[in-house]
Structures are given as structure tokens and as C-alpha cells.
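A closer look at the structure
Here are the chains, one letter per residue:
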Amino acid sequence: MKASKYKNVWTTVDGIKFQSKAEARRYSQLKLLEKAGEVFDLALQPAYQLLCTSHRKQPFAVGRYVGDFSYTNKDGFWVLEDVKGVETAIFKWKRKHFEAQYGQKITIIK
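Below: a short report on this structure. Small disclaimer: the values here were computed from a predicted structure and weren't measured. Numbers given to residues run from 1 along each chain, matching the order in which its sequence is written. Where local features are concerned, this predicted model is filtered to residues with pLDDT of at least 70; where side-chain atom pairs are given and counted, the filter is 80 or more; whole-chain, interface and lining totals use all residues. Excluding hydrogens and water, the side-chain values take into account all heavy atoms of the structure.

Let's talk about the sheet that holds strand β8 (residues 107-109)
Note on pairing: DSSP must find at least two bridges between two strands before they are called paired. Here a strand is any run of E in DSSP of at least two residues, a helix any run of H or I of at least four, and the numbering for each starts at the N terminus. Pairing is mixed in the open sheet, where four strands are placed in the order β3-β6-β7-β8. Looking at strand neighbours, the two that pair on one side only are β3 (39-44) and β8, the edges of this open sheet. The sheet shows a mean angle of 25 degrees between the axes of neighbouring strands, taken without regard to direction. Here four bridges tie β3 to strand β6 (residues 69-73), and the two strands are oriented antiparallel to one another. Residue pairing in the sheet places F40 in a bridge with T72 of β6. Lines fitted to C-alpha atoms define the axes here, with helix axes fitted over just the stretch in contact, and angles between the N-to-C directions of these axes take values from 0 to 180 degrees.

Side note on the environment of Q45
For Q45, the position within the fold is in the loop between β3 and β4 (47-52). Spatially, the C-alpha atom of Q45 lies 11 Å from that of Y27, the residues being 18 residues apart in sequence. Sequence-distant contacts of Q45, that is, excluding residues within four places in its chain, are made with E23, V66, G67 and D68. Within the structure, Q45 has its side chain in polar contact with the side chain of E23 (distance 3.3 Å). Between two residues, a contact is recorded if the distance between any of their heavy atoms is within 4.5 Å. The definition of a polar contact used here is a pair of N or O atoms within 3.5 Å, where within protein one atom must be able to donate a hydrogen and the other to accept one, and adjacent residues in sequence count solely through side-chain atom pairs.

Here we look at the side chain of D68
Structurally, D68 is set in the loop between β5 (60-66) and β6. Only protein chains enter the accessibility calculation, which uses a 1.4 Å probe; a residue is then buried when its area is under 20% of its type maximum, exposed when over 50%, and partly exposed in between. His residues and chain termini do not enter the charge count, which takes Lys and Arg as positive and Asp and Glu as negative. Think of a salt bridge as a Lys or Arg side-chain nitrogen and an Asp or Glu carboxyl oxygen that are within 4 Å of each other. Although D68 is buried, it makes no salt bridge; K84 carries the closest opposite charge, 5.6 Å away. Beyond its immediate chain neighbours, meaning those up to four positions away, D68 contacts E23, A43, L44, Q45, P46, E81, D82 and V83.

Points about the nonpolar core
In plain words, nonpolar cores are sets of buried Ala, Val, Leu, Ile, Met, Phe, Trp, Tyr and Cys residues tied together by side-chain atoms within 4.5 Å. Among the nonpolar cores identified, the biggest contains eleven residues, and these are V13, F18, A24, Y27, L30, V39, L42, F69, Y71, V79 and V83. Put simply, the parts of the chain that give this core at least two residues each are α1 (21-35), β3, β6 and β7 (78-83). In terms of residues, this core owes the most to one element, α1, which gives three residues. Ignoring sequence-local partners within four residues, the contact set of V79 consists of F69, S70, Y71, N73, Q104 and T107. One finds Y48, L50, L80 and I106 within the second-largest nonpolar core, a separate group that totals seven residues.

Listed below in C-alpha cells is the structure:
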């Protein structure tokens, strides 16, 4: 099997395949927090359209951003997380675009 460009190791937890050990570990942490009542509505791989407007009157899709996890914390705030070992140029662009479009910060988990 060919080695991953970023040295990530696919890992399975609860029958779910994660792209890295770090992402699988964060999932396990979030599941424990969910059981403890610290987080609610945990979602995996939430996807969002990235829209643009130019001379057109209607926004049009220029891409999409897929986070690793989203949930509501115990204070009632919605949180979107992305587990990153390496922040690529395309990720940085998508993060900036998402945050500008949706007015929501992405929490990066190293």
C-alpha cells in the first residue's frame, strides 16, 4: 500500500473509518463528552456549499467545505471542528471562505 502524503493512518472506531489517528481520537473524546452531557447533536463530516456572487444576481457554488465534526456545546453554542496535522493552501482558502460566508469560526484541533 502506498504511504499517505501527510503520513496519516486510516483508523476505525465504532465501525467508522477516520482519515487519521488524531481524528479518530477526537471522535472518541467527543463521544465521551456527549455521554457526559457536555456536547449535544454531534455530527460527523458536515458539508457546506461555498457560494460566490459576481456580476450574476444569484449566488453560485464554487466549492464545498466538509468539516470533521459539529456539535452544540453545553452553553448552547454551535461548534465546527476540523482536525489538522497540516493546513494546506486549499484548506486555508476554504476556511477563510466559509468563515466569511457563514460568519462562524472553524475550530482547528492539532
